[in-house]
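# Breakdown of the fold
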Amino acid sequence: MTVQQIAYTNRVFTLTLNNGEVLDGEALLIATGRKPNTQALNSAVTGIELDAQGFIKIDEQFQTTCAGIYAIGDAAKQPAFTHVSWEDYRRLKAILCGEHQTRNDRVLGYAVYTEPLVGRVGMTLEQAHKQGISACEVTLPMAHIARSIQWGHDLGFYRMVIDIKTNSILGARLVGYETAELVHVFLSLMEDKATWQVLEQSVHIHPTYGEIAQSRKATRWR
């Protein structure tokens, strides 16, 4: 969907989408994007190539197009998060010490500090399908979690993407209270290549926001 028209009346933003849907809100966030500040490097002199957007080109082990020179973090078109840059450093250090690691053999997550919070790790269902993976997704509304009801934080959901053939967890999107913390549950399971059954069989403390999935039927995943 795309925005066709924006109006601002009586301190209310009104967005008209191309499907005819109309959305109202008290605030409007416009994300214009960012570009890398790499022009000052005069990289052409060293043989370091940039892509069309100005990011430094690197291979699977962070090496640039100039042998012996490496790049990590935002400037190398890695996900623009502090924890990713730090992990880039740790991974590159291991590579330089002779370990066989790449920038893609890891599970990365992130959080968006909105209200409610958003926690994300791995693939969406659409991304899985684009890669030719037979996948499905299941959703648990926050309103079905006892702790959420108790504290009045029932806005949001937990959503998990599952590989139908292997039962492995491909990704998760969590929206709601403290989901930036809770997404680590899925991140750790994915790093260990665990199946959704491991999550289901775990005995979580009641009542907590992390009481996610002892039984898909009992917790009303759908």
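Relevant structure appears above.
Computed from a prediction, not measured in an experiment: that's the story for all the values here. (Residues numbered from 1 in each chain as written. Predicted model: local features only at pLDDT ≥ 70, side-chain atom pairs only at ≥ 80, totals over all residues. Heavy atoms only, no water.)

Taking burial as the measure, the eight residues of strand β8 (residues 169-176) include seven buried ones, the bulk of the element. As paired strands, strand β5 (residues 117-122) and β8 are joined by six bridges and run antiparallel to one another. Bridge pairing in β8 places Arg-120 opposite Arg-173. One ladder, built from six bridges, connects strand β7 (residues 157-163) with β8; its direction is antiparallel. Counted as the bridge partner of Ile-162 is Ile-169 from β8. Linkage of β7 to β8, two consecutive antiparallel strands, is achieved through a turn of five residues, within which Asn-167 is found at a positive phi near 65°. (Buried < 20%, exposed > 50% of the residue type's maximum accessible area, 1.4 Å probe, protein only. Helix = DSSP H or I, 4+ residues; strand = E, 2+ residues; numbered from the N terminus. Pairing = 2+ DSSP bridges.)

Per the stated rule, a full pass over the model turns up four aromatic pairs. Taking the centre distance of 5.1 Å and the plane angle of 10° together, the rings of Phe-81 and Tyr-110 count as stacked. Taken as a pair, Phe-81 in the loop between β3 (22-25) and α1 (82-96) and Tyr-110 in strand β4 (residues 109-112) lie far apart in primary sequence, 29 residues in all. For Tyr-110, a relative accessible area of 27% gives the class partly exposed. Pairing Trp-86 with Tyr-89 gives two aromatic rings, centres 5.0 Å apart and planes at 40°, and the pair type is tilted. Placement of both Trp-86 and Tyr-89 in helix α1 is noted, with a separation of three residues, approximately one turn of the helix. Given a relative accessible area of 53%, Trp-86 falls into the exposed group. Across the ring face of Phe-157, the terminal group of Arg-159 is positioned such that the distance to the ring centre comes to 4.3 Å. (Phe/Tyr/Trp six-rings, centres within 6.5 Å; stacked < 30°, edge-to-face > 60°. Lys NZ or Arg CZ within 6 Å of the ring centre and 35° of its normal.)

This part is about the pairing of β5. Both β4 and β5 contribute to a ladder of four bridges, which runs antiparallel. Directly across from Val-112, in β5, lies its bridge partner Val-118. Between β4 and β5, which pair antiparallel one after the other, the connecting turn spans four residues.

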